[in-house]
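A closer look at the structure
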Amino acid sequence: MDSLESIRWSAVALAPDLMLASGILLLIIVGLIWRNAGLFHGIALAVTGIAFAWELLRWSVGNEPAVLFNGVIKTGDFVVFLNLIISLGGILTVIMTWLSTRPQQRLPEYYALILAVILGAHLLVMSESLLMLFIALELISICSYVLAAFAFDKSATEGSLKYFVFGSVASAVMIYGFSLLYGMSGTLTFTSIEFVQGIAEQPLPLFLAASLFSLAGFLYKVAAAPMHPWVPDVYEGAPMPVVAFFSVVPKVAGFGILCKFITILNMRGFPDWQLILGVVTIATLTVGNFSALWQKNVKRLMAYSSIAQSGFLLVAVVAFSANGYQYFLFYASVYLLITFLVFLYLQEFENIGVTTIADYSGTGKSFLWPAIFLLVGMIALTGLPPTAGFTAKLFVFSTLWDGYSVTGKSLLLWVLVFGLLNTVVALFYYLRIPYFAFVRPATDAPAENNFTKTNLLGAILVFLILLLFFKPGLLMGWINKINFVP
Amino acid sequence: MQHYLISLLIFIPLVAALAGLIIPARAANSFRYLTLAVNIVQLFLFIFSVSLYAPDGGMQFIEKQPWITLDLGSWGVLKAEYFVGMDGLSYPLIGLSVFVLLLTTISSWTIDTSVKGYFTLLLVLNASIIGSFTALDMLLFYLFFEFMLLPMFFLIAIWGGARREYASIKFFLYTLLGSVFILIVMIGLYISVHEGNPAGQLVHSFNMLNMQDPSHFISNAVLDPNNSWQLGVFNARQWAFLLLFLGFAIKLPAAPLHTWLPDAHVEAPTPVSVILAAILLKIGGYGLARIAFPIFPEAAMYFSTFIGIIGVVSIVYGALNAMASKDLKRLIAYSSVSHMGFVLLGLASLTQEGVTGALYQMVSHGIISAMLFLIVGVLYDRTHNRTIDFYSGLSSRMKAYTGFVLVAFFASMGLPGFSGFIAEVLVFLGAFRAPSANGLLHESLAIIATSGLVFGAAYYLWTLQRMFFGPFNVKGRILPEQLTDLTRREYLMLIPLGLAAFCFGIFPQLLIRYIDPFAKGFTEIILAAGKALTLTP
């Protein structure tokens, strides 16, 4: 095909992303002229909404995997589904920002950055080429460094700087790994057959070094141990909607590309990436859960919780099976709902000055429904029935059992046991906030108003979380149709 | 009607609980009456079911509705159902639950903080108890089993005593740890089990009745009996059984996993203690008899000596701890540990009389422990002090109360004429016959277990002598005027329990006619299947 024709044709397929890109420009231009917060909220919501609707449309008409821009990116139903999750995360972030009562500065820039991260996340999961992958990852990272500082105070600056320093090192290490991989295979398209053949011929130490360096970048993005130390500081400093955004959008995108990348690496046969990723999983689960036990600040608690949840998402990936990737999508979708439910109410309580766990004392009395919704969110994060969090955990752990009975690798069994025991540890800290809310005596009791916009959104999220426990088929029916092709 | 009986029992309290969320806080007091009405309706439904229930009829009142059916492509279909039913194992326990829950509501009448929240939690707990006892689909069972934890946690944490935070968290963590063990096995089981399907696709179901049949296992799946996989000294099925045993033994509780129980009991308010002792502990025994033993019969036989030893240790260790307790409620909590040890011993014997005795003990202990905790509650309501040493000669002031204490104590120590006696005798018969009948237990276990009776008599009689007889005297900040005799509400709770303990002690056939057919089938199937599976590795 004529290459100009191909680019034109590819651009049509990327319509949602072009939409996002124009949204960024629109926000910046409008931001120069008007200073009306409602307008910016509206534009951001419209852009993310249209991007979501477009992806949904694309999903509903069904799509064959298509290679675009001369093999730089590729769409397919796995990717489209991830993009749906990412766009929905964007929509919920905008709504959360809208509902926040904190003073907000530089809204157009804020939303432009959010949209840029979403765009980066879309491109990341689609990328087929190491170069595209790196650009998309940097687009996410650089915008995230700035977003982390958007509270404009000391701790935000500190978090942002740490994020930046850590992130730059991770990127540098990753691109070094990429360059080695490129040198080995002579191609940037990592899903191509030449790439697989190229890495297959290399001596083990060189290959291992190159791929571990590359993986460092992904693990950093998804906040997996040992690349997790930036998380608590960044979460503590960033505004609540940004924290919710960080714990879903870049993470899901990072996992999406990790699934692809690790499958390719694993085609070499040796070393066993299942083993390496299994160790990372156990470490992530343990570090996240055990560090969370000691936290007093709610955001830091949620930071470690988010690390632990990365561990559970890794559990789905580590099975290396078609079912495992489907369950990963299920877990990610459910995790999106739960995360936004929890952060929505953490923001609601932050608005009235509740920031440490001890501050939650007695809030269950004066804010009954918010506290109950928060409890549902926490129970779902722990993974207890009757919430979709349980169903998601059931799925990812059954894929491990299944993987174990197929391969007989005892490591999978250990991941299973560690993962489930970690649930018990997780319960301890997840329950602390509801515990303080309901059990500790109240200090003062402001009047409550149950019929707020926040509670409406919260009720919808709670309903979905419960619904997906009783009828997981509603979502799994969709996910089932997805064939994971790296 | 017959076909919806169980659903009615489960969903009436749930609907009432939803109503509780909606009604305004002003009307909270009327919510007590709603809860009471729910309990009474449940009791009537149960009484109505007695005429329909055929003791020899196996699983009855079955309801089966599709719930989750997920087509997972090449891997097969995941299928969970709303599948409930009752048999000789669950039917008496449902009766016990319905009866005790009614008394609990009456006992909760004195609760006056956050009334609405309290009764809502009580109703949710009620539904999940009935659900756990009737579920025949393992996912459904697990749902109800887990869902019991949350209301229980808040009931202890909000309405409990001084150290309620510690006790409630400890309770939750212990039981969640137990249920995680159960979850591991549950996932392994549903992956390994299939259901015949004409379309040729593998249907992985959570149906517990299918899991009991070795022919339903997929060949060479993790928990397939023919899988020769070993980890350490045990094979996969033995590990699975051990995990299930651990999970249910925490709930039961068996020594050395019982340490959450005394704390939870001491800190919980009286009605919650009653539910905990009379019903929740039974779910441990129920789970062993419904899930662990029938699904892994050969492992159950393999570990029977181990289970018997754990049972005997619980009996003796619980009794010794009870003797050393200074707090009356702690004493009774430890006596529960001791009495639940008989359930383990009876099940481990795998003889018909032993299993009947174990199940009889579950019902009997449900009645008697409910009475004991109510009795402690009576004293605590009046003086807010349960230290045994602070009281003496109570019989001179509280005559009727002392009468009920005598009944409860004697029933609990297994005096002939009360239900505990029948249960313990049956367990002993089973444990003594096991060495000759199936060679599973050693005679010495039964002999050591009998010493539990002696210890039981010792701590009860000693407590009676210290607290109720001798010259009247109270210490601490207790005022003699506080010690008034029973009120009408307390009579209303204690009389039915005393009568029930007495009735099942004099006419054991009332209960045995339901339990015995189950016990017979249970032991026969387990021994037959267990031997077959052991012989063909």
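Residues numbered from 1 in each chain as written. Chains lettered and ligands numbered in written order. Predicted model: local features only at pLDDT ≥ 70, side-chain atom pairs only at ≥ 80, totals over all residues.

Things to note about the overall build of chain A
For chain A, the helix and strand inventory stands at 21 helices and two strands. Taken over C-alpha atoms, the radius of gyration comes to 22 Å for chain A, in line with the 23 Å a tight globule of 486 residues would show. In terms of overall dimensions, chain A has C-alpha extents of about 70 × 60 × 45 Å along its principal axes. Here chain A holds 486 residues, and the buried ones make up 59% of them. (Helix = DSSP H or I, 4+ residues; strand = E, 2+ residues; numbered from the N terminus. Rg over C-alpha atoms; globule rule 2.2 N^0.38 Å. Buried ≥ 20, exposed ≤ 12 C-beta atoms within 10 Å, placed from the backbone.)

A few points about the overall build of chain B
Secondary structure assignment for chain B yields 20 helices and seven strands. With respect to the principal axes defined by its C-alpha atoms, chain B has extents near 75 × 60 × 45 Å. Of all 537 residues assigned to chain B, the portion counted as buried reaches 61%. Sequence-distant contacts in chain B: of pairs separated by 6 or more residues, those separated by 24 or more amount to 78%. (Contact = placed C-beta atoms within 7 Å.)

Side note on the interface of chain A and chain B
Taken together, the contact pairs 26 residues of chain A with 27 residues of chain B. If you tally residues by element for the side of chain A that touches chain B, the top one is helix H18 (residues 410-430) of chain A, at eight residues.

Section: unusual backbone geometry
In this structure, Pro386(A) follows Pro385(A) across a cis peptide bond, with omega equal to 5°. Within the fold, Pro386(A) resides in the loop between helix H16 (368-382) and helix H17 (388-407). Residues Leu252(B) and Pro253(B) are joined by a peptide bond in cis, for which omega reads -10°. Position of Pro253(B) relative to the elements: it lies in the loop between helix H9 (236-251) and helix H10 (260-267). Positioned with a positive phi, Ala223(A) is a non-glycine residue whose angle comes to about 60°. Mapping Ala223(A) onto the fold places it in the loop between helix H9 (204-221) and helix H10 (230-237). Backbone geometry at Phe320(A) places phi at a positive 55°, although glycine is not the residue there. Positionally, Phe320(A) belongs in the loop between helix H13 (298-318) and helix H14 (322-351).

A look at helix H5 (residues 107-126) of chain A
For an α-helix the count is 3.6 residues per turn, leaving residues at separations of three or four pointing the same way. With 20 residues, H5(A) ought to run about 28 Å at 1.5 Å a step, and its terminal C-alpha atoms sit 29 Å apart, in line with that. For H5(A), the tally of buried residues reaches 19 of 20 residues, placing the bulk of the element in the interior. (Expected span 1.5 Å × (residues − 1).)

A closer look at helix H5 (residues 138-147) of chain B
Counting buried positions along H5(B) yields ten of ten residues, so the element is predominantly enclosed. Every buried residue belonging to H5(B) is among Met138(B), Leu139(B), Leu140(B), Phe141(B), Tyr142(B), Leu143(B), Phe144(B), Phe145(B), Glu146(B) and Phe147(B), and all of these are buried.

Focus on the pairing of strand E2 (residues 77-86) of chain B
Residues and elements named next belong to chain B. In terms of residue burial, E2 counts as a mostly covered element, since seven of its ten residues are buried. In this sheet, E2 lies alongside strand E1 (residues 60-71) in antiparallel orientation, the contact comprising nine bridges. Residue Thr69 lies in a different strand from E2, and its bridge partner there is Lys79. Note: E2 against strand E3 (residues 203-205), three bridges, orientation parallel. Within the sheet, the bridge partner assigned to Lys79 lies in E3 and is Ser205. (Pairing = 2+ DSSP bridges.)

Some words on the sheet that holds E3(B)
Residue and element names in this part refer to chain B. In space, the three strands of this open sheet follow the order E1-E2-E3, with mixed pairing throughout. Sheet topology places E1 and E3 at the edges, where each strand pairs with a single neighbour. With direction set aside, neighbouring strand axes in the sheet form an average angle of 25°. (Axes fitted to C-alpha atoms, helices over the stretch in contact; angles between N-to-C directions.)

Examining the environment of Asp263(B)
Residues and elements named next belong to chain B. Structurally, Asp263 is set in helix H10. In the structure, Asp263 is positioned 266 residues away from Ala529 in sequence and 40 Å away in space, judged by C-alpha atoms. Leaving out residues up to four positions away in the same chain, Asp263 has contacts with Tyr166, Ala167 and Lys170.

Describing the packing of helix H7 (residues 164-192) of chain B against H9(B)
Residues and elements named next belong to chain B. Viewed as axis vectors pointing N to C, H7 and H9 meet at an angle of 150°, and their least axial separation amounts to 8 Å. Considered as vectors, H7 and H9 are oriented roughly antiparallel to each other. Seen from above, H7 lies across H9 with left-handed handedness. Along the contact surface, H7 presents Tyr174, Thr175, Leu177, Gly178, Ser179, Phe181, Ile182, Ile184, Val185 and Gly188, while H9 presents Ala240, Leu243, Leu244, Leu246, Gly247, Ile250 and Lys251. For the contact of H7 with H9, a count of residues per class yields eleven nonpolar, five polar and one charged. (Parallel < 35°, antiparallel > 145°, perpendicular 65-115°, else oblique. Left-handed = near helix turned anticlockwise from the far one by under 90°. Nonpolar A, V, L, I, M, F, W, Y, C, P; charged D, E, K, R; others polar.)

Overview of the confidence of the model for chain B
For any part of a model where pLDDT is low, the fine detail of the predicted coordinates should not be relied upon. Taken residue by residue, chain B gives an average pLDDT of 90. The fraction at 70 or more is 98%. Scoring the predicted complex yields pTM 0.91 and, for the interface, ipTM 0.87. (pLDDT = per-residue confidence, 0-100.)

Focus on the packing of helix H14 (residues 328-349) of chain B against helix H17 (residues 419-437) of chain B
Residue and element names in this part refer to chain B. It is the contact of H14 with H17, at a shortest axis distance of 8 Å, that shows an interaxial angle of 40°. As the angle between them shows, H14 and H17 are arranged oblique. As for the relative orientation of H14 and H17, their crossing is left-handed in sense. Residues Phe342, Leu345, Gly346 and Ser349 of H14 form the contact with H17, whose own contacting residues are Ala423, Glu424, Val427, Gly430, Ala431 and Ala434. Its residues assigned to classes, the contact of H14 with H17 comprises six nonpolar, three polar and one charged.

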